[in-house]
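Chains, contacts and geometry: an overview
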Amino acid sequence: MPDPLGAGFEEPVDRNGAFPRLDDAVRARLRAAGKVREVEPGEVLFREGDSGYDFFLVESGAVTIVQGYGHENRIIAVHGPHRFLGETNLLTGSPPYLSAVVRDAGEVIQVSAERLRKLVADDEELSNIILRAYLARREILIDLGAGVKLVGSRYSQCTRRLREFLARNRMPFQWMDLEDDEEAEALLRAVGISAADTPVVISGDGVLRNPSNAEVARLLGLGSRGAAPPMCDLVIVGAGPAGLAAAVYGASEGLDTQVIDKVAFGGQASTSARIENYLGFPTGISGSELAERATLQARRFGARMVVPAQAVGLAADDGHYTVELSDGSVVNGRALIVATGAQYRKLDLAGLERFEGVGVYYAATQAEAQMCVGDPVVIVGGGNSAGQAAMFLSRHAAGCGLMIRGGDLAKSMSRYLIDELENRPQVELMTYTEIVELKGETLLEAVVVADARTGERRELEARALFVFIGADPHTDWLRGHVAMDDHCFLVAGRDLQGEDLAAHDDRRPLFLETSRPGIFAVGDVHSGSVKRVASAVGEGSMAVRLVHQRLASG
Ligand SMILES: Cc1cc2nc3c(=O)[nH]c(=O)nc-3n(C[C@H](O)[C@H](O)[C@H](O)COP(=O)(O)OP(=O)(O)OC[C@H]3O[C@@H](n4cnc5c(N)ncnc54)[C@H](O)[C@@H]3O)c2cc1C
């Protein structure tokens, strides 16, 4: 068994500000906020699965970060003098999924998590250092596959669901594929579980057999805890960029704000490997980092963020709205912002469902990229999402075919992306091409494509097919309650006409306000939206101003 205290392990280099050493002045401020104490080798400062943990700064000696302390003893890092411990879950109050154990005797400064959160809110220098380090550490832990363990077969839809849920929520996890990982079977034997009970999620002492996403969220402490108050000022449904922006502005402007999302905070944007066109990030920002930053910001202002929570119905009552959730509970709000975005369209191909999640994908994140390392992949679509997916996947796949039905990519894709793709030899643009058949037994092996002009067919080897061909809005739960356009996107503001204005006594809905006073539509779900992160954020923040206006007018 490896040495649990990491004897001989070097401290990691400070990559992207992940492991800074704090100077005298900053350490003095932390000392004033906490207590200084001596620690001995073997002392556990926090343990995976604890309900929460304090902030520790190493003054002297060394502390080891260990996964599975006492049994697995996987050493993740060692922190020496003037480095601090923890990662984003310290700020969100979620349980740690790694343990911190003193390796070399010395002194630590210990600050309670609550005090630390306050300090971060008030001390800009400290806040920048800690936030940057914690976000970078989360990235490193995701790459390392540290933290939670998921044991399940690559052919299982439930395994796929859980992998997606963990990845979308940016939970570092190690996926152990029952099909080719001998350690997976050994681990199952050790916890007394048969393969039939998989997928299994293991974190600390918690073991869940074929759990729902909600059970995993509870185990890992994702999102806010506790029930919503009987009446909120503002309920935001959907926590993509639009919903998160509304949450930041709503909570920071004093509204009691409840945010719910059926999958994860960040929405579609969090599946984007790199957003290049969002203001203020000249070198781009990964969608997941943007989402993580926005979520922390909204929580810091006091927004309650709940995941997974799916809105399935709506009722109106005496000046407020009741959102019905899939678990049977309800959330009441005096105003409602709908930010539920849209779902990408599917190709009309026989057997498509059979391959969904195991060869056919609608997003290109790290989770999908892992599945096609060194394999040929094809991408269908001519928009920016398809272009970004091609750029990202070409770093992992053996080759990327980018297919469009027409002959000109410039009609639908931004110029900067086209230029980048032209300089990427691994990406082959296939114009006038459509997929007509998928081939493969359990896994996708090839696609048959046809020339859209001549009908001529040919077979292309492909282990993965990525589809980016437009979207349908998530508005089923609002049918019959608010006006929609022909494609079921929500109509708002001046676009409302005739009978759709009936509920507005003065016949003058506010900008972004739907046919029901006090219900606003923002982001991709809004009819005529431009499907961009920046416009979603803009509408989400604007809507809060209009919510104030509506609430003030009674
Ligand atoms: C791969 C990819 C790359 C992209 N790249 C870029 C880019 O580089 N630049 C750019 O500007 N735009 C980009 N986009 C588009 C951009 O991500 C979207 O325009 C933006 O995310 C829309 O934000 P939104 O908040 O309106 O909706 P979404 O991001 O779709 O969020 C909607 C949220 O609502 C939740 N939800 C849905 N139904 C319910 C329900 N019934 N109950 C509770 N929650 C629900 C969903 O789970 C989701 O989290 C990209 C999109 C994709 C998919």
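Attention here is on the structure that accompanies the text. Source: prediction; values computed, not measured.

Some points on the site of the ligand
Close to the ligand lie 35 residues; Asp261, Gln268, Gln388, Asp524 and Val533 are nearest. Here an oxygen atom of the ligand and a backbone polar atom of Pro241 are 3.2 Å apart. Between the ligand and Asp261 there is a distance of 2.6 Å, counted from an oxygen atom to a side-chain nitrogen or oxygen. Considering the ligand on its own, with 1,000 Å² of exposed area, one finds that the protein chains cover 96% of that surface. Contributions of two or more residues to the shell around the ligand are made by α8 (241–252), β16 (342–344), α12 (384–393) and α14 (533–552).

Describing the sheet that holds strand β9 (residues 206–209)
An order of β7-β6-β8-β9 is seen for the 4 strands of this open sheet, with the pairing classed as mixed. Pairing within the sheet leaves two strands with one partner each, and these edge strands are β7 (173–177) and β9. Taking the axes of each pair of neighbouring strands and ignoring which way they run, one obtains an average angle of 15 degrees across the sheet.

Some details on the pattern of salt bridges
Between side chains of opposite charge, pairing is possible as soon as their charged atoms come close. Evaluated as defined, the whole model comprises 32 salt bridges. Between Glu164 and Arg160 there is a salt bridge, and its shortest N-O distance comes to 3.7 Å. Highlighted residues: Glu164 and Arg160, both in helix α5 (residues 157–168), separated by 4 residues, approximately one helical turn. With relative accessibility at 11%, the residue Arg160 sits in the buried group. For the salt bridge of Glu434 with Arg405, the shortest nitrogen-to-oxygen distance reads 3.7 Å.

Regarding helix α1 (residues 24–33)
Within the sequence span of α1, burial applies to Val26, Arg27, Leu30 and Ala33. Along the long axis of α1, the arc covered by the buried residues comes to 120 degrees, so they all point the same way. Exposed side chains of α1 directed beyond 90 degrees from the buried face belong to Asp24 and Ala32. Where α1 is buried, its residues touch β3 (55–67), β5 (99–111), α3 (113–122) and α4 (124–144). With a side-chain oxygen positioned 3.2 Å from the backbone nitrogen of Ala25, the residue opening α1 is Asp23.

Describing the sheet that holds strand β23 (residues 457–461)
Strand order across the open sheet formed by 3 strands is β21-β22-β23, with antiparallel pairing between neighbours. Whereas interior strands pair on both sides, the edge strands pair on one side only; in this sheet they are β21 (433–439) and β23. Recorded for the sheet is a direction-independent mean angle of 30 degrees between the axes of neighbouring strands. Where β21 and strand β22 (residues 446–451) come together, 6 bridges link them in antiparallel fashion. In the sheet register, Thr433 faces β22, and the bridge partner there is Asp451.

Topic: the layout of surface pockets
A probe matching the size of a water molecule, rolled over the atoms, marks out where space remains unfilled. Approximately 910 Å³ is the volume attributed to the second largest pocket. In this structure, the second largest pocket is lined by 34 residues; those nearest its centre are Arg293, Ala294, Leu296, Gln297 and Arg300. Among the elements that take part in the lining of the second largest pocket, helix α9 (residues 287–300) stands out by supplying 9 residues, more than any other. Residue classes in the lining of the second largest pocket are distributed as 18 nonpolar, 10 polar and 6 charged.

Remarks on empty space enclosed by the protein
Summed over the entire model, instances satisfying the criterion amount to 2 cavities of 30 Å³ or more. Considered as a void within the structure, the largest cavity measures approximately 340 Å³ in volume. If you trace the largest cavity, you find 24 residues lining it, with Thr92, Arg138, Asn169, Leu222 and Glu292 closest to the centre. Secondary structure elements with two or more residues in the lining of the largest cavity: α2 (88–92) and α9. Residue classes in the lining of the largest cavity are distributed as 9 nonpolar, 10 polar and 5 charged. Roughly 30 Å³ of volume is contained in the second largest cavity. What lines the second largest cavity is Ser153, Arg154, Ser156, Thr159, Arg160, Arg163, Trp175, Gly357, Val358 and Met371. The dominant element in the lining of the second largest cavity, judged by the number of residues it contributes, is α5, at 3 residues. When its residues are assigned to classes, the lining of the second largest cavity shows 3 nonpolar, 4 polar and 3 charged.

Rules used in this analysis
- Residues numbered from 1 in each chain as written.
- Predicted model: local features only at pLDDT ≥ 70, side-chain atom pairs only at ≥ 80, totals over all residues.
- Heavy atoms only, no water.
- Near = heavy atom within 4 Å.
- Polar contact = N/O pair within 3.5 Å; in protein donor to acceptor, adjacent residues only side chain to side chain.
- Areas by Shrake-Rupley, 256 points an atom, 1.4 Å probe, with all protein chains shown as cover.
- Helix = DSSP H or I, 4+ residues; strand = E, 2+ residues; numbered from the N terminus.
- Pairing = 2+ DSSP bridges.
- Axes fitted to C-alpha atoms, helices over the stretch in contact; angles between N-to-C directions.
- Salt bridge = Lys/Arg side-chain N within 4 Å of Asp/Glu carboxyl O.
- Buried < 20%, exposed > 50% of the residue type's maximum accessible area, 1.4 Å probe, protein only.
- Arc of directions from axis to C-beta.
- Contact = heavy atoms within 4.5 Å.
- 1 Å grid on protein atoms, 1.4 Å probe; cavity = no way out; pocket = protein on both sides within 12 Å on 5 of 7 lines; lining within 4 Å.
- Points joined across faces, edges and corners; volume = space filled by probe spheres on them.
- Nonpolar A, V, L, I, M, F, W, Y, C, P; charged D, E, K, R; others polar.

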